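This is what each chain is made of:
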Amino acid sequence: MFLISKNKNALRAFKFFLNELNVHENGIYEYFLNNGYKLIWTSIKPSDNLTLYRNGFVIGKNDFLQPYNVKPYEEKNKITDIDLHPLLNSCYIRNDKDGIGVH
């Protein structure tokens, strides 16, 4: 589960949604993006991986064999170097000098 927001109360709202969904969160992680945005993420189901790249993030699995992890994976390469399979339930967030983009 993730939220991208500029709102100063975003973390409080995120925790409210978690409580309303009545799910167990495995730690909440916050990352600052360009233009004052923040990514807030937690893993609540096996497809909720987060992979950190030098210039962005993948939310969901990178490939079908990537194991479930409640903590973010870290990669040294750039997000533009990856190719997500179209059947994966994943998205990527590019965070570079041009701004942010959710794909």
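Up top is the structure these notes are about.
Keep in mind the model is a prediction, meaning the values are calculated, not measured.

### Quick word on the layout of surface pockets
Counted as a void, the largest pocket has a volume near 150 Å³. Lining the largest pocket are Met 1, Phe 2, Ile 44, Lys 45, Ser 47, Asp 48, Ile 59, Gly 60, Asn 89, Ser 90 and Cys 91.

### Here we look at unusual backbone geometry
At Asn 22, a residue that is not glycine, the phi angle is positive and equals roughly 55 degrees. Positionally, Asn 22 belongs in the loop between α1 (10-21) and β2 (29-32). For Asn 22, a relative accessible area of 71% corresponds to the exposed category. With a phi angle near 60 degrees, Asn 35 is a residue other than glycine that sits in the positive phi range. The topology assignment puts Asn 35 in the loop between β2 and β3 (38-41).

### A closer look at the packing of aromatic side chains
For the structure shown, the criterion picks out three aromatic pairs. With a centroid separation of 5.5 Å and an interplanar angle of 50 degrees, the aromatic rings of Tyr 31 and Phe 57 are classed as tilted. Here Tyr 31 is found in strand β2, whereas its partner Phe 57 is found in strand β5 (residues 56-59), with 26 residues between them in sequence.

Thresholds applied
Residues numbered from 1 in each chain as written. Predicted model: local features only at pLDDT ≥ 70, side-chain atom pairs only at ≥ 80, totals over all residues. Heavy atoms only, no water. 1 Å grid on protein atoms, 1.4 Å probe; cavity = no way out; pocket = protein on both sides within 12 Å on 5 of 7 lines; lining within 4 Å. Points joined across faces, edges and corners; volume = space filled by probe spheres on them. Helix = DSSP H or I, 4+ residues; strand = E, 2+ residues; numbered from the N terminus. Buried < 20%, exposed > 50% of the residue type's maximum accessible area, 1.4 Å probe, protein only. Phe/Tyr/Trp six-rings, centres within 6.5 Å; stacked < 30°, edge-to-face > 60°.

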